[in-house]
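# A structural walkthrough
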Amino acid sequence: EAGVAQSPRYKIIEKRQSVAFWCNPISGHATLYWYQQILGQGPKLLIQFQNNGVVDDSQLPKDRFSAERLKGVDSTLKIQPAKLEDSAVYLCASSLQPGQGWVEQYFGPGTRLTVT
Amino acid sequence: RKEVEQDPGPFNVPEGATVAFNCTYSNSASQSFFWYRQDCRKEPKLLMSVYSSGNEDGRFTAQLNRASQYISLLIRDSKLSDSATYLCVVNLGNTGGFKTIFGAGTRLFVKA
């Protein structure tokens, strides 16, 4: 079974530039998550989709971050404009429909973003 | 107070040792609990779910104390390959679903 795919794996940009990340979840997984993991910290949930609807985006900095999941499959996360503090690994995960939450999340390899 | 707190470590233990990690959570409405493992520069992977009755998987034992809002992970007979960061994960009920909160992780180094 193919895992969660993400691209690019690495990205270096200058502050104030824009960047976009792509995620393809495991086939049949209704729920998709984007996390930000800063070095030395645990992943922080940015946004959670159920099919193509947003379940939680309370920690997404909406003045600069946006995300979409068209047709309930692939998703893109965009940062515009980037700041130095956005340097982190951006992880995408997917899971089956959560029910009461007892579901395993499967993570992609992440995109390592460096903002200079 | 952080929603999920873990001892950051690092824990440095010899092979064969028993090591225990603790995790506390602040929201009593938390519904489900997990331990994930994250190797250096890799993505997190599920180690085990944590049930109210406690559960064991080989050398790993997880416990949940809802009254104290406390989760633990015990690793017996540590192996070199157990070296990793262990992430405590809590799901909170949320409108339309649930919200996942990760702790900062506890680093473990197992040495020969």
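Here, the structure is the one placed above.
Here is a short report on the structure shown in this document. (Residues numbered from 1 in each chain as written. Chains lettered and ligands numbered in written order. Predicted model: local features only at pLDDT ≥ 70, side-chain atom pairs only at ≥ 80, totals over all residues. Heavy atoms only, no water.)

## Quick look at the packing of aromatic side chains
Aromatic rings considered in pairs are described by the distance between their centres and by the relative angle of their planes. For the coordinates displayed, the defined rule picks out 12 aromatic pairs over all chains. Between Y33 of chain A and Y35 of chain A the ring centres are 6.1 Å apart and the planes differ by 25°, which places this aromatic pair in the stacked class. For Y33 of chain A, a relative accessible area of 0% corresponds to the buried category. Measuring from ring centre to ring centre gives 5.7 Å for Y36 of chain B and F102 of chain B, while their planes differ by 55°; the resulting arrangement is tilted. One end of the pair, Y36 of chain B, is in strand β4 (residues 30-38); the other, F102 of chain B, is in strand β10 (residues 97-102), with 66 residues separating them in the sequence. By the ring-pair criterion, three or more aromatic residues cluster together here, those being Y33, Y35 and F107 of chain A together with F34, Y36 and F102 of chain B. (Phe/Tyr/Trp six-rings, centres within 6.5 Å; stacked < 30°, edge-to-face > 60°. Buried < 20%, exposed > 50% of the residue type's maximum accessible area, 1.4 Å probe, protein only. Helix = DSSP H or I, 4+ residues; strand = E, 2+ residues; numbered from the N terminus.)

## Re the side chain of Q50 of chain A
Among the secondary structure elements, Q50 of chain A is positioned in strand β5 (residues 44-50). One polar contact links Q50 of chain A to T31 of chain A, side chain to side chain, over a distance of 2.7 Å. (Polar contact = N/O pair within 3.5 Å; in protein donor to acceptor, adjacent residues only side chain to side chain.)

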